Amino acid sequence: WGQYDASHAAHEREMERVDGVAILGFRSQLLDANIPNELVADFVSKSPDRRFGIAGIDPMADDAMHQLDSAIHMGMVGITVSPACQGFHPSHSQACRIYERCVDAGLPIIVDMDHPLTPSTRLEFARPALWDEVARDFPTLPIVISQLGHPWIDETLLLLTKHEALFADLSGVVSRPWQLFNALLNATSFGVMDKLLFGSGFPRELPTKAIESLYSVNSFGQGTPLPSVPRSRISAIVERNPLPLLGIDVGIVPLRPADDEVFDDTEGAGTPAYSEGPTTS
């Protein structure tokens, strides 16, 4: 983490290109790690028209339900869990109680596919396919698999075809252009491009660079027989407001593109409605 600038000043500077920002908390008893929800709520309160909080909940913690209720009271609009970093099967009974509460409260779940993984994480619980049972049991619960489920990207895309309330974001993958190119081609063939959400994964990646990666993804195919990703579908990912898809109702004030717009897109490249990343103190 020493190579990343996750300061408040850096966050404020880098988020100028997006309409809204999901601020993710994190909690793991297994790793003895915590980005407190109180810190997230405080950071969100400093710019409530741009930021919204996603609580870090560890379903394996004895006080997980109390933490969730406290997060709801603080105004959090979703939760994030990480089976690999928290050491639980996604359909564990304790986790299912958390999902039930999320359904009742109208909160979406972001599945954190955190990278790089530490030696203590449980990789066997990271497979996106393990969420198939959860999606069947909770069909109305919005679930976002981060980083397209890397490294099991095609597995994630298959899940997207199967479950209406399941989505995936591009955080992490946007920093690996060749992987991004293949992922978007496959998503096009699977017919799930409309279920991909923009995400930068700050501080590992920056929104401006993530947008540049998306709009330049077809450079691999120039002068070759390789297929290309329709530019209009790329624009849709960048400009889509994902909050209604996730049932999140917050007062985000959209930015107006500047007259000297950085990205010259003849099909209409505006500003993305969403980015994401944890905030640190």
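Fair warning: this is a prediction, and the values are worked out from it, not measured in the lab. (Residues numbered from 1 in each chain as written. Predicted model: local features only at pLDDT ≥ 70, side-chain atom pairs only at ≥ 80, totals over all residues. Heavy atoms only, no water.)

Moving on: the overall build of the protein chain. In terms of regular secondary structure, the protein chain is built from ten helices and ten strands. The buried share of the protein chain, reckoned over its 281 residues, is 55%. Counting every atom, the protein chain has about 12,200 Å² of accessible surface; 51% of that belongs to carbon and sulfur. (Helix = DSSP H or I, 4+ residues; strand = E, 2+ residues; numbered from the N terminus. Buried < 20%, exposed > 50% of the residue type's maximum accessible area, 1.4 Å probe, protein only. Areas by Shrake-Rupley, 256 points an atom, 1.4 Å probe, with all protein chains shown as cover.)

Moving on to helix 10 (residues 231-239). Looking at helix 10, one finds that the buried residues are Ile 234, Ser 235, Ile 237 and Val 238. For helix 10, the arc enclosing every buried residue in end-on projection is 160°, short of the 170-degree limit, so these residues lie on one face. Taken together, the buried residues of helix 10 touch helix 8 (177-190), strand 9 (196-197) and helix 9 (207-215). (Arc of directions from axis to C-beta. Contact = heavy atoms within 4.5 Å.)

With that settled, the discussion passes to the side chain of Asn 37. With respect to the secondary-structure elements, Asn 37 resides in helix 2 (residues 37-45). By relative accessible area, Asn 37 is classed as buried at 4%. Here Gly 56 takes part through its backbone nitrogen, which lies 2.8 Å from a polar atom of the side chain of Asn 37. Beyond its immediate stretch of four places on either side in the chain, Asn 37 contacts Gly 25, Ala 55, Gly 56, Ile 57, Gln 67, Ala 71, Met 74 and Met 76. (Polar contact = N/O pair within 3.5 Å; in protein donor to acceptor, adjacent residues only side chain to side chain.)

Below, the discussion takes up the environment of Ala 135. Looking at the secondary structure, you find Ala 135 in helix 6 (residues 131-137). Look at Ala 135 and you get buried, because its relative accessible area is 6%. With residues near it in sequence (within four places) discarded, Ala 135 still touches His 163 and Leu 166.

We now examine helix 5 (residues 93-105). With 13 residues, helix 5 extends 19 Å between its outermost C-alpha atoms, agreeing within 8% with the 18 Å of an ideal straight helix rising 1.5 Å per residue. Residues of helix 5 that are buried: Ala 95, Cys 96, Ile 98, Tyr 99 and Cys 102. Viewed end-on, helix 5 has its buried residues packed into an arc of 155°, placing them on one side of the element. As for helix 5, its buried residues are in contact with helix 3 (64-73), strand 5 (78-81), strand 6 (109-111) and helix 6. Just downstream of helix 5, Gly 106 is the residue with a positive phi angle, here 70°. (Expected span 1.5 Å × (residues − 1).)

Most of strand 4 (residues 51-56) sits out of view: six of its six residues are buried. Side-chain alternation along strand 4 places Arg 51, Gly 53 and Ala 55 on one buried face and Phe 52, Ile 54 and Gly 56 on a second face that is also buried. Note that strand 4 and strand 5 share three bridges and pair parallel. Directly across from Gly 56, in strand 5, lies its bridge partner Thr 80. Between the parallel pair strand 4 and strand 5, the chain is carried across by helix 3, and the sense of this crossover is right-handed. (Pairing = 2+ DSSP bridges. Right-handed = clockwise from strand over helix to strand, strands pointing away.)

Right, let's talk about empty space enclosed by the protein for a bit. Applying the stated criterion to the full structure yields three cavities of 30 Å³ or more. Computed from the structure, the largest cavity encloses a volume of approximately 50 Å³. Taken together, Ser 82, Ala 84, Asp 112, Met 113, Asp 114, His 115, Leu 117, Leu 123, Ala 126, His 150, Pro 151 and Trp 152 form the lining of the largest cavity. Across the lining of the largest cavity, the residue classes tally to seven nonpolar, three polar and two charged. (1 Å grid on protein atoms, 1.4 Å probe; cavity = no way out; pocket = protein on both sides within 12 Å on 5 of 7 lines; lining within 4 Å. Points joined across faces, edges and corners; volume = space filled by probe spheres on them. Nonpolar A, V, L, I, M, F, W, Y, C, P; charged D, E, K, R; others polar.)

Moving on to the nonpolar core. Soluble globular proteins: nonpolar side chains tend toward being buried together. Counting 72 residues, the largest nonpolar core has Ile 79, Tyr 99, Leu 148, Leu 184, Leu 196 and Leu 214 as its most contacted members. No other element matches helix 8, which puts six residues into this core. The contacts of Leu 196, once residues within four sequence positions are left out, are Leu 148, Leu 157, Leu 160, Ala 168, Leu 170, Leu 184, Ala 187, Ile 237 and Arg 240. Grouped together as the second largest cluster of nonpolar side chains are 13 residues, Phe 52, Ile 54, Ile 248 and Ile 252 included. (Core = buried A, V, L, I, M, F, W, Y, C linked by side-chain atoms within 4.5 Å.)

Tallied over the full model, the rule gives nine salt bridges. Note that Asp 5 is salt-bridged to Arg 13, the shortest N-O span being 4.0 Å. Residue Asp 5 is classed as partly exposed on the basis of its relative accessible area of 42%. The exposure class of Arg 13 is partly exposed, given its relative accessible area of 46%. Two residues, Glu 155 and Arg 127, come together in a salt bridge whose shortest N-O distance is 2.4 Å. Of this pair, Glu 155 sits in helix 7 (residues 153-162) while Arg 127 sits in the loop between strand 6 and helix 6, and the two are 28 residues apart along the sequence. Sharing partners across several salt bridges, the network here consists of Asp 5, Arg 13 and Glu 14. (Salt bridge = Lys/Arg side-chain N within 4 Å of Asp/Glu carboxyl O.)

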